[in-house]
Amino acid sequence: MSQVTDHHRTVRVPSDPASAFGRAFEQEIAELIAEQPQQLRLDCSALTHVVSSHVNLLWKANARCREAAIGLRLVNPPISLMRVLYVLDLTHLFTFEGIEVDNFHRPDQSIQATTFPKTHAERVKIDTARIDMAIGRFVSFLNSLGADATTILELRTIFYEIATNIRIHSGLGSDDEFTVEVTAQSEQLEMTIADSGRAFDPTATTVRWSAADAARNHQLRGFGLLMVSKLADRVRYTRDTTDRNVLTVRKKWRR
């Protein structure tokens, strides 16, 4: 629900941007723009995990407010959202409240673990709660390596984006599973996520990105692979002999 405060409207960005929640948010934005308030304030405090669908929602809201000459402000954005907006070169398009817009370009640091390789592997059921728990275990693994906060945030975001795509687009059900295999070496981490859903190569299209071009062409979606590719150092897709989608992501500890 939106709140009215002196010609301003505040709308909560849904933590689950897919399906009905995302559509309801977009409908509310459209209705409020029709009222011509001075400003829309988008409360981002519920975004504990950030995926490309969140970026799509914010990008579309921003584009529509600009067309209607209405101010837009992102309120209480979490660090994870700020980091994603930074790597996508989108921070300059938004006005923020509740956070200092700096220090989102800090380079990765080397990890502190002394014995390699370190591995982490599991099977994850394809529902939101199980994915959240799996991400918690993955973050614990990264912490055990001594990985720095920025690296953990980026790898967590990559994991969540890929897992969410499987949940929404693979055609598999909540009782099905995908596998995660992680190997940490002294110089880099490699994460492989595999599922038996419908064939889909997210790397088939070359990602070329410019915020200015996207705005000029009225681009309203398509941030997923871009986000993963900018947070990682290498992304590779194969369809293996057992008809599984296999996506392998590599990230160096130090750029």
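Conventions we followed
- Residues numbered from 1 in each chain as written.
- Predicted model: local features only at pLDDT ≥ 70, side-chain atom pairs only at ≥ 80, totals over all residues.
- Heavy atoms only, no water.
- Helix = DSSP H or I, 4+ residues; strand = E, 2+ residues; numbered from the N terminus.
- Buried < 20%, exposed > 50% of the residue type's maximum accessible area, 1.4 Å probe, protein only.
- Contact = heavy atoms within 4.5 Å.
- Areas by Shrake-Rupley, 256 points an atom, 1.4 Å probe, with all protein chains shown as cover.
- pLDDT = per-residue confidence, 0-100.
- Salt bridge = Lys/Arg side-chain N within 4 Å of Asp/Glu carboxyl O.
- Phe/Tyr/Trp six-rings, centres within 6.5 Å; stacked < 30°, edge-to-face > 60°.
- Pairing = 2+ DSSP bridges.
- Axes fitted to C-alpha atoms, helices over the stretch in contact; angles between N-to-C directions.
- Core = buried A, V, L, I, M, F, W, Y, C linked by side-chain atoms within 4.5 Å.

What follows concerns the overall build of the protein. If you tally the helices and strands in the protein, you get 7 helices and 10 strands. Here the protein holds 255 residues, and 47% of them are scored as buried. Contacts in the protein between residues far apart in sequence, at least 24 positions, make up 70% of those at least 6 positions apart. Accessible area of the protein: about 12800 Å², with a carbon and sulfur share of 46%.

Per-chain confidence: the protein averages 87 in pLDDT, with 84% of residues scoring 70 or above. Within the protein, the element-level pLDDT minimum falls on strand β1 (residues 3-5), averaging 51, and the maximum on strand β7 (residues 177-184), averaging 98.

Let's shift gears to helix α7 (residues 224-231). Looking at α7, one finds that the buried residues are G224, L226, M227, V228 and L231. Contact partners of the buried residues in α7: α2 (52-67), α3 (79-87), α5 (149-169), β9 (234-239) and β10 (245-252).

What follows concerns the environment of I135. If you trace the backbone, I135 turns up in helix α4 (residues 128-145). Overall, the relative accessible area of 2% leaves I135 in the buried class. For I135 and Y160, which are 25 residues apart along the polypeptide, the C-alpha to C-alpha distance reads 7.3 Å. The residues contacting I135, other than those within four sequence positions of it, are H49, R156, F159 and Y160.

This part covers the pattern of salt bridges. Enumeration over the complete set of coordinates arrives at 13 salt bridges. A salt bridge links D16 to R167, with the nearest nitrogen and oxygen atoms 3.9 Å apart. With D16 in the loop between β2 (8-12) and α1 (19-34) and R167 in helix α5, the pair connects residues that are 151 residues apart, well separated along the chain. Its relative accessible area of 23% is what places R167 among the partly exposed residues. Taking the shortest distance from any N to any O, the salt bridge between R244 and D240 comes out at 2.9 Å. For R244, a relative accessible area of 29% puts it in the partly exposed group. Beyond isolated ion pairs, a larger network of salt bridges with shared partners links E26, K60 and R64.

Take the packing of aromatic side chains next. The final tally for this structure, using the stated rule, is 2 aromatic pairs. Centre to centre, the rings of F94 and F96 are 6.3 Å apart; their planes meet at 50 degrees, and the pair counts as tilted. F96 gets classed as buried once you look at its relative accessible area, which sits at 12%. Ring plane angle 40 degrees and centroid distance 5.3 Å describe the contact between F138 and F159, whose orientation is recorded as tilted. Taken together, the residues F138 in helix α4 and F159 in helix α5 connect sequence positions 21 residues apart. Each member of the pair, F138 together with F159, is buried.

Turning to the environment of I111, a few remarks are in order. Tracing the chain through its elements places I111 in the loop between β5 (95-97) and β6 (118-125). Given the relative accessible area of 11%, I111 is considered buried. Beyond its immediate stretch of four places on either side in the chain, I111 contacts F116, L145, G146, A147, Q185 and W253.

In this section: the sheet that holds β7. The 5 strands are arranged β6-β7-β8-β10-β9 in an open sheet whose pairing can be described as antiparallel. Whereas interior strands pair on both sides, the edge strands pair on one side only; in this sheet they are β6 and β9. For this sheet, the mean inter-axis angle between neighbouring strands, taken without regard to orientation, is 15 degrees. Bridge count for β9 against β10 is 6 bridges, and the pairing is antiparallel. Counted as the bridge partner of T238 is V246 from β10.

All right, on to the side chain of Q39 then. Relative to the elements of secondary structure, Q39 occurs in strand β3 (residues 39-43). Setting aside residues no more than four positions away along its own chain, Q39 makes contact with H7, H8, R9, I70, G71, L72 and R73.

Once that is clear, we can look at the nonpolar core. The nonpolar side chains of a soluble globular protein tend to be buried, and buried together. Counting 70 residues, the largest nonpolar core has L42, L142 and F178 as the members making the most contacts within it. Sequence-distant contacts of L142, that is, excluding residues within four places in its chain, are made with A147, I152, L155, L189 and W253.

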